[in-house]
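Here are the chains, one letter per residue:
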Amino acid sequence: MPGIVIVGTQWGDEGKGKVTDLLAERADAVVRFQGGNNAGHTIVRDGDEFKFHLIPSGILYPGKMCVIGNGVVIDPAVLIEELESLRRRGIDVGGLRVSANAHLIMPYHVMLDTAGEAKLGKLQIGTTKRGIGPCYADKAARLGIRVQDLLDAKILRKKIMAALEPKQQALRPFARDPRLDLHAMTEEYLRFGHRLEPHIADTAHLCWELLDSGRTVIFEGAQATMLDLDHGTYPFVTSSNPVAGAACVGAGVGPRDIDEVWGVAKAYATRVGAGPFPTELEDELGAHLRERGGERGTTTGRDRRTGWMDLVALRYAARLNGLTALSITKLDVLSGLDPLRVAVRYRSSQGAVLDEFPYHQSILHGAQPEYEELPGFEDDLGACRSESDLPPEARAYLRFLEDHLGVPIRLVGVGPGRDQVIWMGEAPALRAA
Ligand code: IMP
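Here we summarise the structure given alongside this text. Remember, predicted model here, so these are calculated numbers, not experimental data. (Residues numbered from 1 in each chain as written. Predicted model: local features only at pLDDT ≥ 70, side-chain atom pairs only at ≥ 80, totals over all residues. Heavy atoms only, no water.)

1. Examining helix 10 (residues 311-321)
So, point 1. For helix 10, every residue scored as buried is listed here: Leu311, Val312, Ala313, Leu314, Ala317, Ala318 and Asn321.
So, point 2. Those residues of helix 10 hidden inside the fold are in contact with strand 1 (3-8), strand 11 (260-266), strand 14 (309-310), strand 16 (340-347) and helix 12 (392-405).
So, point 3. For helix 10, the N-terminal capping position is held by aspartate 310, with its side-chain oxygen 3.0 Å away from the main-chain nitrogen of valine 312.
So, point 4. Looking at the residues trailing helix 10, positive phi occurs at glycine 322, about 60°. (Buried < 20%, exposed > 50% of the residue type's maximum accessible area, 1.4 Å probe, protein only. Helix = DSSP H or I, 4+ residues; strand = E, 2+ residues; numbered from the N terminus. Contact = heavy atoms within 4.5 Å. Polar contact = N/O pair within 3.5 Å; in protein donor to acceptor, adjacent residues only side chain to side chain.)

Here you go:
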């Protein structure tokens, strides 16, 4: 089982980092395939806290190959800072490989992201303002600057000039900003290139070599299904495809290289930024979940919106991603709540029953969740390490999700610690490797 994709199934921040970290221990490589430094997760290792935005957290395992694939958009200043900070803490970063074909976030992308949001006013998406959307837009317009361009001063300068030309008007408010000076920008990016050169590689080829020799490669998704550019709650989405299918495009492997798809879902739901969120709780209960679950963004520090588990959206995600396994995180956060509610269908504003996630934006905006209630549990789950340690109500909650989704739950999170997990049923073959 060499190729495993890990994806978020809700609106992001499901705890993919921890699941990846656990599976990565036995894998040979971890590959990021989309998104950029809009993502972020925190890993606690031996009491030390590490925050990652671009580099796969697998880098903490000595000698593990960690790849930033062609589908990722890279802010080189952020990547270099992340590298330096790991080096300062004594971490060997020699295993990092960066695709020569990945696109670069330029200073003007960050400016355009901020300006674009300001212009949208009330309609703003609530982006992370990291330049993600404008960078992917340039990629599609064939005006992007790629990692390999950093190694050739002449090409780099020419491409930056070509990319800036159609943006003159939009960038007018930043006309005096020194970051837009062509010479200074080119010089700075050449310096970045110099620093990154030892890591730049044909990363698709590296993945093929591993997969062809039966080694395990993990493809680590960022953001999540409901933020997918094509399948999420457009336009309140990110500008890449966080679904499992995109692992092939963003890493350069074929569909037959993927053997398993693990979806990660919180035991409830959260969202940052604007856009539809049918099971949102804008009351004390929502505030309780935010407080109890520590629901504040790693990247932007924004409070997350919170709500009940939404099985209409999760069924949709299970099918879209072709999930073979599910990991439910933060089950411990639900303790003390009774009853537990789970949305099993929506009701449209016209009264129609919606069993499927509606594709039409107006229907989704008017959709009201219909809940089933399940008994809650009081116990603190933090010390549970096996399924039988869980109170019967927690087990029934998990069984209910499994039955509705038709996907086996393989891993359950019961606290922030690395060891605060329960492997359900048969342990993954990986652990026996
Ligand atoms: P962008 O990706 O910065 O363009 O932001 C687009 C939308 O995706 C906004 O609603 C963000 O809050 C959301 N988003 C982007 N990255 C993440 C993430 O890693 N977790 C949760 N939401 C995210």
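2. Some points on the site of the ligand
So, point 1. In the region of the ligand, 15 residues are neighbours, and Asp13, Asn38, Thr128, Thr238 and Arg302 sit closest.
So, point 2. Contact between the ligand and threonine 128: an oxygen atom at 2.6 Å from a side-chain N or O atom of the residue.
So, point 3. Between a nitrogen atom of the ligand and a side-chain N or O atom of glutamine 223, the distance comes to 3.3 Å.
So, point 4. Looking at side-chain class alone, the shell around the ligand contains six nonpolar, seven polar and two charged residues. (Near = heavy atom within 4 Å. Nonpolar A, V, L, I, M, F, W, Y, C, P; charged D, E, K, R; others polar.)

3. A short note on helix 5 (residues 153-164)
So, point 1. In this model, helix 5 (twelve residues) spans 16 Å end to end at C-alpha, consistent with the 16 Å of a helix rising 1.5 Å per residue.
So, point 2. Looking only at helix 5, the buried set comprises Leu156, Ile160, Ala163 and Leu164. For helix 5, the arc enclosing every buried residue in end-on projection is 95°, short of the 170-degree limit, so these residues lie on one face. Those residues of helix 5 that are exposed and angled more than 90 degrees off the buried face are Lys154 and Lys158.
So, point 3. Looking at where helix 5 begins, the residue whose side-chain oxygen comes 3.1 Å from the main-chain nitrogen of lysine 154 is aspartate 152. (Expected span 1.5 Å × (residues − 1). Arc of directions from axis to C-beta.)

4. Examining the pattern of salt bridges
So, point 1. Counted under the stated rule, the structure contains 24 salt bridges.
So, point 2. Among the salt bridges present, the one from arginine 88 reaches glutamate 81, with a minimum N-O distance of 3.3 Å.
So, point 3. Residue arginine 88 is classed as exposed on the basis of its relative accessible area of 58%.
So, point 4. Judged by relative accessible area, which is 43%, glutamate 81 ranks as partly exposed.
So, point 5. A salt bridge links arginine 296 to aspartate 303; the nearest nitrogen and oxygen atoms lie 2.7 Å apart.
So, point 6. Beyond isolated ion pairs, a larger network of salt bridges with shared partners links Asp13, Lys266, Glu295, Arg304 and Lys330. (Salt bridge = Lys/Arg side-chain N within 4 Å of Asp/Glu carboxyl O.)

5. Some remarks on the nonpolar core
So, point 1. Phe219, Leu331 and Leu334 are the most contacted members of the largest nonpolar core, which totals 57 residues.
So, point 2. Looking at this core, the element that brings in the most residues is helix 12, giving six residues.
So, point 3. If we skip the residues at most four places from it in the chain, leucine 331 touches Ala267, Phe377, Leu381, Leu390, Ala394, Tyr397, Leu398, Val412 and Gly413.
So, point 4. Counting residues in each nonpolar core, the second largest holds 42 residues, with Ile43, Leu96, Leu171 and Ile200 among its members. (Core = buried A, V, L, I, M, F, W, Y, C linked by side-chain atoms within 4.5 Å.)

Honestly, that's just the spatial picture; any functional story needs more than this.
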